[in-house]
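# What the coordinates show
Take a look at the letters that make up each chain.
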Amino acid sequence: MPKILEDLLWCAALATWLMMFCGFVIAALRPLAKSVRCRLADRAKAKKSALNH
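Residues numbered from 1 in each chain as written. Predicted model: local features only at pLDDT ≥ 70, side-chain atom pairs only at ≥ 80, totals over all residues. Heavy atoms only, no water.

### Thoughts on the overall build of the chain
In plain terms, the rule: Counting from the N terminus, the helices are the DSSP runs of H or I reaching at least four residues and the strands are the DSSP runs of E reaching at least two. C-alpha atoms define the radius of gyration, and 2.2 Å times the number of residues to the power 0.38 defines the globule rule. For the accessible areas, the method is Shrake-Rupley and the probe is 1.4 Å, while residue cover comes only from the protein chains on display.
In terms of regular secondary structure, the chain is built from one helix and zero strands. Since a compact globule built from 53 residues should have a radius of gyration of about 10 Å, the 23 Å found for the chain marks it as more spread out than a globular shape. Along the three orthogonal principal directions, the C-alpha set of the chain runs to about 75 × 15 × 5 Å. Here the chain has roughly 5,200 Å² of accessible surface; of this, 74% comes from carbon and sulfur atoms.

### Thoughts on the pattern of salt bridges
This is how the line gets drawn: Here, a salt bridge means any Lys or Arg side-chain nitrogen found within 4 Å of an Asp or Glu carboxyl oxygen. Per-residue accessibility, obtained with a 1.4 Å probe over protein chains only, is compared with the maximum for each type, and a residue is labelled buried under 20%, exposed over 50%, and partly exposed between these values.
Per the stated rule, a full pass over the model turns up one salt bridge. Asp7 is the partner of Lys3 in a salt bridge, and the nearest nitrogen-oxygen pair spans 3.2 Å. Remark: Asp7 and Lys3 occur in helix α1 (residues 3-52); sequence separation between them is four residues, near one turn of the helix. With a relative accessible area of 56%, Lys3 lands in the exposed category.

### Re the environment of Ile4
Considering the arrangement of structural elements, one finds Ile4 in helix α1. A sequence separation of 31 residues divides Ile4 from Ser35, and the C-alpha atoms of the two residues are 47 Å apart.

### Some remarks on a nonpolar patch on the surface
Heads up, the condition is: Every patch collects residues that have over 30% relative accessible area and no salt bridge, joining them within 9 Å if they carry like charges and within 5 Å if they are nonpolar side chains (Val, Leu, Ile, Met, Phe, Trp, Tyr).
Taken together, the side chains of Phe21, Val25, Leu29, Leu32, Val36 and Leu40 define a hydrophobic patch exposed on the protein surface, amounting to about 550 Å² of accessible area. Take Leu40: it is sitting in helix α1.

Keep in mind these values describe shape, not function.
Structure representation (structure tokens):
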């Protein structure tokens, strides 16, 4: 197999693995990000209601 073709296949395989890894990481972090956003929103609501009273 020509060297350039072998290098191209390695790059394609690496790109595939990186996309899969990023997909798993994003899927794992999505609930954490949602939790943080909810806590920040609750804190903002509490602060806003404390200022109004």
